[in-house]
Amino acid sequence: MWPMIFFCACFLSISSACDFDPSSPLETGIVCRVTKPAALVLNEQTAQVIQAAFRHASYPDINGEKAIRFFGQVTYGLTNIQISNLTIGSSEVELREDDAVYIMIKNVSASFSGTLSYGYGAWFMKVGQTIDFEIDSSTDLQINTKLTCGNNRVAADTSDCYLTFHKLVLHLYGDKQPGWLKQLFTDFISFTLKLVLKRQICKEINYVANLLADFIQDKAEDFLRDGDIGVDISVTSFPVIKAGYMESRHKGAVLYRKPSDIFNSSLYTPSLLSENRMLYFWFSEHVLNSMAQASFFDGRLELKLTGSELKDILKDDDTESHEANQKIFHGLSLSNSVTKIWSLTPPEIRITPEGTIVTSSVAVQLNSTLSTESQVVGLYFETDVTATVKASYADKKLILNLSDSIVHIKTCTSSLQTSAKEKEIRQFLHKTISLYGIAAVMKRMEPALTSLMNSKGLNLFDIINPEIIHHKGYLIVQLDFGFPHHLLVDFLKKAL
């Protein structure tokens, strides 16, 4: 069940309270919603986390004494307690509205082994023995996980933890153990042992939960960071539990050398997301716009094309375009050319129902040599481009589709030896950029962005029918998924 709780990558230990101003919800830039169907899928892996908690728990020595008729004061101690043969029958999960995530683990069977030492008798005739023991136990485990806030992140409190024992049977190994020792254990030691097991197991469950929280938190921050660009996922309100979903709301402020401007006009309301899919992410237009600006200032919005790549873009079956191409680049060795494309100003991103609208001022510099000479000639122009793009994700690849574009050539200078007039060059550039140039840039962005996401492990998830839905001012990513088993395996290997 804990994988489900932490799947939004937003849990840390509870070490301090969070203070929210009345305006805090308006700073929401990212929302994560995990629905009940997701909880049921993730709950299938609860057994592995519970087993890790049982096995990793340290069980202290149990010492005590009891007055026994005919024997006087009997002292005893259970030491070197180890666990084995752990099995779990079943687990259930329920989202209790405005309360907690209720988890019931049934029929947890385990064997505890160790050494039993006991002594009795007067000081002048003290009897002491040490024998091995094994305890067969069966219990149900109930945990009510409260979601709260700590260190400006969502936190989980599993202190509401109960163990109900159905069986606790002692087996003593040795030829000389007295029969009354089993009775003593049944009547008294078993009560003490139950308290110790409950305390240690519940303590370990809370420890493992927070350990997993830190692990997932690191994964989340890494996924949202590349180089100097990161995202602040501090929460803007207390987490929400409803009967059909859990939800956390985050700032989403882009971190690049310094935090981006405070965003305090969020459009988010819970009604914007449904409960039909397993996982939802809501992104504000402001978050994506800040990412684009950070990418510009980090010098990432640059592209170089080789001569063969440029020739592939300029290749056109249209007779008129072909003739214009031949006329403008007559005598030019395109194979030896280098074309540099870069943004002059930070791009602006707006999200509409039609798609993501990207507006940018772009400069293009082409340098080449004449085919018969070594003289370097070139073409430089600046253009304003507005492109409407819709994104999708399939077969573990990002796909960008251009639905509309507007191109305006602002300046153009050329040292090409051509008979074409500037107006003809501008018309040719406008058509080439509109029909082929923007699409060519997008085709190079697709594998680059896919590779970046895969480097963060996205390709390891079993993502089912993902959808990216555009609205005015925000977009929604909704999907179903198979259990991210690799995350749990990786966590258990590294942490335990």
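Going by the structure above, here's the rest.
All values derive from a computational prediction rather than experimental measurement.

1. Considerations on the pattern of salt bridges
Side-chain pairing between opposite charges can occur once the charged atoms of the two side chains come close.
Thinking step 1. Inspection of every chain in the model, using the stated rule, returns 17 salt bridges.
Thinking step 2. Residue Lys-106 is joined to Glu-92 by a salt bridge in which the shortest nitrogen-to-oxygen separation is 3.2 Å. Linking Lys-106 in strand S5 (residues 100-120) with Glu-92 in strand S4 (residues 72-96), this pair joins segments that are 14 residues apart in sequence.
Thinking step 3. Overall, the relative accessible area of 30% leaves Lys-106 in the partly exposed class.
Thinking step 4. Between Glu-94 and Arg-96 there is a salt bridge whose closest N-O contact spans 3.7 Å.
Thinking step 5. Judged by its relative accessible area of 35%, Glu-94 falls in the partly exposed class.
Thinking step 6. Exposure remark for Arg-96: the relative accessible area of 30% places this residue in the partly exposed category.

2. Some details on the state of the cysteines
Thinking step 1. Summed over the entire model, instances satisfying the criterion amount to one disulfide.
Thinking step 2. The disulfide partner of Cys-161 is Cys-202, and the gap between their sulfur atoms is 2.0 Å. Measuring the twist about the S-S bond at about -75°, one finds the Cys-161-Cys-202 disulfide to be left-handed. With Cys-161 in strand S7 (residues 153-173) and Cys-202 in helix H4 (residues 180-223), the pair connects residues that are 41 residues apart, well separated along the chain. A single burial state applies to Cys-161 and to Cys-202, both of which are buried.

3. Describing the environment of His-471
Thinking step 1. Topologically, His-471 is positioned in strand S20 (residues 463-471).
Thinking step 2. It is 9.9 Å that separates the C-alpha atoms of His-471 and Ser-284, two residues lying 187 residues apart in sequence.
Thinking step 3. Residues within four places of His-471 in sequence aside, it is in contact with Ile-351, Thr-352, Pro-353 and Ile-476.

About the thresholds
Residues numbered from 1 in each chain as written. Predicted model: local features only at pLDDT ≥ 70, side-chain atom pairs only at ≥ 80, totals over all residues. Heavy atoms only, no water. Salt bridge = Lys/Arg side-chain N within 4 Å of Asp/Glu carboxyl O. Helix = DSSP H or I, 4+ residues; strand = E, 2+ residues; numbered from the N terminus. Buried < 20%, exposed > 50% of the residue type's maximum accessible area, 1.4 Å probe, protein only. Disulfide = S-S within 2.5 Å. Contact = heavy atoms within 4.5 Å.

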